[in-house]
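Listed below, chain by chain, are the residues.
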Amino acid sequence: MMKLPLLLFLCLILLPLSVTAQLRVGFYKSTCPRAELIVRQAIHNRFKIDPSIAAALLRMHFHDCFVTGCDASILIDSTPRKPSEKDAGPSLGVRGYDIIDEAKRTLEATCPGTVSCADIITLATREAVVLAGGPSYSVPTGRRDGRISDPSLVDLPDPSLSVPETLTFFASKGFTLKEMVTLLGAHTVGVAHCGFFQDRLTNFQGTGRPDPTMDRALVSKLLRICGTQPRSFDKDPTMFLDQNTSFVVDNQIYKQVILRKGVLQIDQELALDRSSAPIVSMFASNGRAFEQSFAKAVVKMGGVEVLVGKAGEIRTNCRVFNKKKHI
Ligand code: HEM
Ligand SMILES: *[C@@H]1O[C@H](CO)[C@@H](O)[C@H](O)[C@H]1NC(C)=O
């Protein structure tokens, strides 16, 4: 007779616990004190030979967090039986998976089954941003890895959408216009395949002419490399998104779009749309404001729909879900 009230009582005291479970800085302090150091070392070593990893990790972090939350769903390999997020169109070109594997290997050797792949992406991104000249910031941890990676759930905006259309997407994830303009500042590093902006060079919106909002010299430069014919993705050349400081996390991308040198249409739109243009001007003239805003926005991105507490799992191999244990 006492069973039911007792159960109810337990539920009542445990429920708030599971609800309040959340990310915090230094989550691995006692369970894996060297966790952040191990990630830092792995990223340092790689950055020395390939500074383009800053761009790779920032994009990976975005694609992870904006599809079913920051749960490392982007890392799952597809199998002949089951395609994963990696197979979805918008995931094309996402790279850096091997860097995450490398950090994970060392972490598993040091503290097995402890540090989530979702946290590794987040920590690795911070290290890479710092190495690329961007701001440093504390990273709340404690994310768990998800058990879903489904290409049909990848619903990311197309680079040819307008600013208001793109904002609808960002707002649905809880972000403001200013935060969106800030996060798109990540295009201060990295590259895009010609296929993502080819229309702007040859046949913008069916006009048979280049996008009139793109600097003429840039049109010529991109045409020289990209040509006029579409190519398969693996043979498609890439161009820098930021035409000036292509490997530095700074506010140069905003100056570039003001000069009509945005490579992706959405980047250029930020400087042209009445709603976002003032924010672009402000970041272009105030590098400190951009850095502060960027650090805050990336931390916020890292908190989107996270799994915490006992939800999900800690993967042993970031590319495959753990085998279900038979109890
Ligand atoms: C409306 C939102 C966005 C659109 C439409 C968009 C679109 C794209 C496209 C088409 C590329 C080229 C990919 C390739 O050819 O391999 C790209 C690259 C990139 N994106 Fe975005 N992006 C968006 C938001 C973001 C956000 C929020 C971040 C990070 C905070 C980000 C970080 C990057 C980085 C760093 C690259 C370069 C990747 C590399 O060098 O491999 N993007 N983006
Ligand atoms: C390129 O960036 C550097 C460093 O921020 C700056 O000093 C220079 O004026 C920029 N050049 C152009 C053409 O924007």
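Here, every reference points to the structure presented above.
None of the values given here were measured: they were computed from a predicted structure.

Draft legend 1. Highlighting the nonpolar core. Within the largest apolar cluster, 87 residues are counted, with the highest numbers of intra-cluster contacts made by Met60, Phe66, Leu75, Ile100 and Phe197. Tallying contributions element by element places helix α5 (residues 117-131) first for this core, with 8 residues. Sequence-distant contacts of isoleucine 100, that is, excluding residues within four places in its chain, are made with Leu57, Met60, Leu75, Ile120, Ile121, Ala124 and Cys318.

Draft legend 2. Quick look at unusual backbone geometry. Positioned with a positive phi, alanine 72 is a non-glycine residue whose angle comes to about 65 degrees. The class of alanine 72 is buried, set by a relative accessible area of 0%.

Draft legend 3. Local environment of the site of ligand 2. Near ligand 2, the surroundings consist of Asn244, Thr245, Gln252 and Gln256. The contact in question runs from an oxygen atom of ligand 2 to an N or O atom on the side chain of asparagine 244, over 2.4 Å. In the environment of ligand 2, an oxygen atom lies 3.2 Å from a nitrogen or oxygen atom belonging to the side chain of glutamine 252. Of the residues belonging to the shell around ligand 2, the class tally is no nonpolar, 4 polar and no charged.

Draft legend 4. Expanded view of the side chain of arginine 200. Of note, arginine 200 is situated in helix α8 (residues 198-202). Arginine 200 has contacts with Pro210, Asp211, Thr213, Met214, Gly262, Val263, Leu264, Gln265 and Gln268, leaving out every residue within four places of it along the chain.

Draft legend 5. The site of ligand 1, seen in detail. By nearness alone, 24 residues border ligand 1, and Ala55, Arg95, His187, Val191 and His193 come closest of all. Here arginine 95 contributes a side-chain N or O atom positioned 2.6 Å from an oxygen atom of ligand 1. Contact distances for ligand 1 include 2.9 Å between an oxygen atom and a backbone N or O atom of valine 191. Put simply, the parts of the chain that give the shell around ligand 1 at least two residues each are α3 (53-65), α6 (163-172), α7 (177-184) and β3 (191-193). The element best represented in the shell around ligand 1 is α3, accounting for 4 residues. Grouping the amino acids of the shell around ligand 1 by side-chain chemistry returns 16 nonpolar, 5 polar and 3 charged.

Draft legend 6. Representation of the state of the cysteines within the structure. Counted according to the given criterion, the structure contains 4 disulfides. Between the sulfur atoms of cysteine 117 and its disulfide mate cysteine 318 the distance is 2.1 Å. An S-S torsion of about -90 degrees defines the bridge between cysteine 117 and cysteine 318 as left-handed. Separated by 201 residues along the polypeptide, cysteine 117 in helix α5 and cysteine 318 in the segment after α13 (287-301) bring together distant segments of the chain. The same class applies to cysteine 117 as to cysteine 318, namely buried. Linked covalently through their sulfurs, cysteine 194 and cysteine 226 form a disulfide whose S-S length is 2.1 Å. Across the S-S bond of cysteine 194 and cysteine 226 the torsion is about -75 degrees, and the bridge reads as left-handed. Linking cysteine 194 in the loop between β3 and α8 with cysteine 226 in helix α9 (residues 216-226), this pair joins segments that are 32 residues apart in sequence. Among the residues examined, cysteine 194 registers a relative accessible area of 0% and is labelled buried. In the protein, the bonded cysteines, taken in the order they occur along the sequence, pair up as 1-4, 2-3, 5-8, 6-7.

Draft legend 7. Seen up close, the coordination of the iron atom of ligand 1. Of all protein atoms, His187 (NE2) alone acts as a donor to the iron atom of ligand 1, lying 2.1 Å away. Residue position: histidine 187 is located in the loop between α7 and β3.

Draft legend 8. A look at the pattern of salt bridges. Under the defined criterion, the tally for this structure stands at 14 salt bridges. One salt bridge in this structure joins aspartate 77 and lysine 86, with 2.5 Å as the shortest N-O distance. Classification of lysine 86 as buried rests on a relative accessible area of 18%. Within this structure, Glu36, Arg40, Arg126 and Glu127 form a network of salt bridges that share partners.

Conventions adopted
Residues numbered from 1 in each chain as written. Chains lettered and ligands numbered in written order. Predicted model: local features only at pLDDT ≥ 70, side-chain atom pairs only at ≥ 80, totals over all residues. Heavy atoms only, no water. Core = buried A, V, L, I, M, F, W, Y, C linked by side-chain atoms within 4.5 Å. Buried < 20%, exposed > 50% of the residue type's maximum accessible area, 1.4 Å probe, protein only. Helix = DSSP H or I, 4+ residues; strand = E, 2+ residues; numbered from the N terminus. Contact = heavy atoms within 4.5 Å. Near = heavy atom within 4 Å. Polar contact = N/O pair within 3.5 Å; in protein donor to acceptor, adjacent residues only side chain to side chain. Nonpolar A, V, L, I, M, F, W, Y, C, P; charged D, E, K, R; others polar. Disulfide = S-S within 2.5 Å. Donors = N, O, S within 2.8 Å, 3.2 Å for Na, K, Ca; no water. Salt bridge = Lys/Arg side-chain N within 4 Å of Asp/Glu carboxyl O.

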